[in-house]
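Structural description and commentary
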Amino acid sequence: LFLCEEAHCSDHWRSAKMRPAATSVFAVISCVAGVRAGFVPDNCLDCICRVLSPGCRMPSPPCELSGFLVCGPYKLSRSYWLDARKEGGELMNDWQSCAVSWTCSRQAVDAYMRRYAPGLGRDPTCEDFSRIHLGGPNGYLSDTTLQFWEMVDRCLQGDPQFLQVDDMSGEERNPQWEL
C-alpha cells in the first residue's frame, strides 16, 4: 500500500477525480513515483539523517561513543537495531554492518517506527518519527526531543544549513541515490 504524503500528490489526486480515467491513472502513477513503500516518508528519513550526520554523509569513523556506541548516519545503537529486527526481519544479521549500510539503516529506522509509532493511537507525523527515533518508544512525549524535531522541521522547510554540498563532488548528496 502506498500512501500519498506529498502535497503535490494530493493536488494531483484531487484534480484527477474531476477528469477522465487516463488522467486519474497519471495522477496515481505520479503520486506513487514520488513515495516510497515504507512507513516513514522519504523526506522525513532524509531530514533525520541530515540532522544527525551533516549532509547525510556516512560518518568517519562510522561508529562513535556518545554515552553508548552508535553507528552510521542514523546513529543506530545495538538495542535500537534489535528492536527494529522484531518488526523488520534480519536486517543483515549484524548491527554494525546494517548501521553503515544506506539501505539497511533506512530499513531499520522504518521497522523501528512500524514497531512503535502505531502506539500513538493516530497517524504518526514526521515529528513523531523524529522524536521516537531520538528518544525511543516514548520519545514523542519527551521535552528532550523537541530541539531535535525543530531541526528536522527546519530541514523539511528547506533550511540551507541542512542541504549541504558534498565537498568531494560539488553536488548535493541525496541518500536516495545510494539505495
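Below: a short report on this structure. On a predicted model such as this, the values are computed, not experimentally measured, just so you know.

Section: the overall build of the protein chain
On a plain count of helices and strands, the protein chain comes out with eight helices and two strands. Along the protein chain, from the amino end to the carboxyl end, the secondary structure elements read α-α-α-β-β-α-α-α-α-α. Out of the 179 residues belonging to the protein chain, those deemed buried represent 39%. A separation of at least 24 residues holds for 55% of the contacts in the protein chain among residues at least 6 apart in sequence. Of the roughly 9,900 Å² that the protein chain leaves accessible, carbon and sulfur atoms contribute 54%.

Brief notes about the pattern of salt bridges
Scanning the entire structure with this criterion turns up eight salt bridges. Close ionic contact of Arg106 with Asp46 constitutes a salt bridge, the shortest N to O distance being 2.8 Å. Linking Arg106 in helix α6 (residues 102–116) with Asp46 in helix α3 (residues 42–52), this pair joins segments that are 60 residues apart in sequence. Taking relative accessible area as the criterion, Asp46 reaches 9% and is therefore assigned buried. One salt bridge connects Asp159 with Arg154, and the closest N-O pair in it is separated by 2.9 Å. Owing to a relative accessible area of 34%, Arg154 belongs among the partly exposed residues under this scheme. Overlapping salt bridges, with partners in common, bring together Asp42, Asp46 and Arg106 in one network.

Focus on the state of the cysteines
This structure, assessed with the given rule, holds five disulfides. Disulfide partner of Cys47: Cys155, at an S-S distance of 2.2 Å. For the disulfide bridge between Cys47 and Cys155, the dihedral angle about the S-S bond is near -75°, and by the sign convention the bridge is left-handed. Of this pair, Cys47 sits in helix α3 while Cys155 sits in helix α8 (residues 146–156); the two residues are 108 residues apart in sequence, bridging distant segments of the chain. Judged by its relative accessible area of 4%, Cys155 falls in the buried class.

Here we look at the packing of aromatic side chains
Following the criterion strictly, the structure yields three aromatic pairs and no others. An angle of 10° between the planes, with centres 3.8 Å apart, marks the rings of Tyr80 and Tyr112 as stacked. Of the two residues, Tyr80 sits in helix α4 (residues 78–88) while Tyr112 sits in helix α6, which places them 32 residues apart along the sequence. Taken individually, Tyr80 and Tyr112 each receive the classification buried, so the pair is uniform in this respect. A centroid spacing of 4.9 Å and a plane angle of 55° characterise the contact between Tyr112 and Tyr116, whose relative ring orientation is tilted.

Cut-offs applied
- Residues numbered from 1 in each chain as written.
- Predicted model: local features only at pLDDT ≥ 70, side-chain atom pairs only at ≥ 80, totals over all residues.
- Heavy atoms only, no water.
- Helix = DSSP H or I, 4+ residues; strand = E, 2+ residues; numbered from the N terminus.
- Buried < 20%, exposed > 50% of the residue type's maximum accessible area, 1.4 Å probe, protein only.
- Contact = heavy atoms within 4.5 Å.
- Areas by Shrake-Rupley, 256 points an atom, 1.4 Å probe, with all protein chains shown as cover.
- Salt bridge = Lys/Arg side-chain N within 4 Å of Asp/Glu carboxyl O.
- Disulfide = S-S within 2.5 Å.
- Phe/Tyr/Trp six-rings, centres within 6.5 Å; stacked < 30°, edge-to-face > 60°.

So yeah, pure geometry; function would need other evidence.
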